[in-house]
Amino acid sequence: MSEVKLTVNGREVTRNVEDRTLLVSLIREHLGLTGTHVGCDTSQCGACTVHIDGQAVKSCTVFAAQVDGSEIVTIEGLANGDELHPMQSAFREHHGLQCGFCTPGMIMMAVDIVKRHPEGLDETVIRKELEGNICRCTGYHNIVKAIDAAAKEMRGTPAMAAE
Ligand code: FES
Ligand code: FES
């Protein structure tokens, strides 16, 4: 067993977990934050994506004990109180989800993509960056539009024309 101390969505938490416990299991089963999803057992789908110390990471690919002392943000921690994060608003406005299963991971990855591309985004870059996130409803077109719109909203520039 290991004692793991984390800051999760701004709250300090300490849990005793088995050494083999994955971060996604700690998040979902120990902390009850079930917005982070598990969509595969091969590290391919990205539904489990969270931010670890500000970077998007698939939380099924790391042990909880490995990230002891880290700051974790999950989809539940993205909004500012009742005010949705611009990426969440854009997914809603541009119909960037269908069943919604992939959406938490898509949004957490999308926020990271915007941060890593201060020069701006285009459709090609967004699609390339999303290669680790799978939408089984195949709603990529509107997901790309939502990310582009949110990126521009976050930077105060006009979004690409609606298609
Ligand atoms: Fe982590 Fe699919 S559950 S990549
Ligand atoms: Fe259903 Fe993406 S919206 S899997």
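Refer to the structure presented above.
The notes below deal with the structure included here. Position numbers for residues count from 1 along each chain, tracking the sequence in the order it is written. By the order in which they are written, chains take letters starting at A while ligands take numbers starting at 1. Only residues with pLDDT of 70 or above have their local features reported here, since the model is predicted, and side-chain atom pairs are shown and tallied only from 80 upward, although totals for entire chains, interfaces and linings are computed over all residues. Side-chain descriptors were evaluated using all non-hydrogen atoms of the structure, hydrogens and water having been removed beforehand.

A few words now on the pairing of strand β2 (residues 11–17). Strand pairing is defined by DSSP finding a minimum of two bridges between the two strands. Helix numbers and strand numbers start at the N terminus; a helix is a DSSP run of H or I with at least 4 residues, a strand a run of E with at least 2. In this sheet, β2 lies alongside strand β1 (residues 2–8) in antiparallel orientation, the contact comprising seven bridges. Each residue of the ladder has a partner; that of Lys5, found in β2, is Thr14. Between the antiparallel neighbours β1 and β2 lie two residues, among them Asn9 with a positive phi of about 50°.

Time to look at the packing of helix α2 (residues 86–93) against helix α3 (residues 103–116). Close contact between α2 and α3 brings their axes to 10 Å; oriented N to C, the two are set at 125°. As the angle between them shows, α2 and α3 are arranged oblique. You can see that α2 and α3 cross each other, and the crossing is right-handed. Across the interface between the two elements, Met87, Gln88 and Phe91 from α2 touch Thr103, Met106, Ile107, Ala110, Val111 and Val114 from α3. Classification used: nonpolar for Ala, Val, Leu, Ile, Met, Phe, Trp, Tyr, Cys and Pro, charged for Asp, Glu, Lys and Arg, polar for all others including Gly. When its residues are assigned to classes, the contact of α2 with α3 shows seven nonpolar, two polar and no charged. In this analysis, axes come from line fits to C-alpha atoms, helices being fitted only over the stretch in contact, and the angle between any two N-to-C directions falls in the range 0 to 180 degrees. Any angle that is under 35 degrees is reported as roughly parallel, and any over 145 degrees as roughly antiparallel; angles of 65 to 115 degrees are reported as roughly perpendicular and all others as oblique. The sense of a crossing depends on the near helix, which, turned anticlockwise from the far helix by less than a right angle, makes the crossing left-handed and, turned clockwise, makes it right-handed. Two residues qualify as a contact provided that any one of their heavy atoms is within 4.5 Å of a heavy atom in the partner residue.

Now for the environment of Cys40. With respect to the helices and strands, Cys40 occurs in the loop between α1 (23–30) and β3 (49–52). For the pair Cys40 and Cys60, spaced 20 residues apart in sequence, the C-alpha separation works out to 9.2 Å. With residues near it in sequence (within four places) discarded, Cys40 still touches Cys45 and Arg136.

A few words now on the packing of α2 against helix α5 (residues 140–155). Running from N to C, α2 and α5 point in directions that differ by 140°, and their axes come no closer than 8 Å. Considered as vectors, α2 and α5 are oriented oblique to each other. You can see that α2 and α5 cross each other, and the crossing is right-handed. Residue-level inspection shows Pro86, Met87, Ala90 and Phe91 of α2 in contact with α5, the latter providing Ile143, Ala146, Ile147, Ala150, Glu153 and Met154. Class assignment of the residues belonging to the contact of α2 with α5 gives a composition of nine nonpolar, no polar and one charged.

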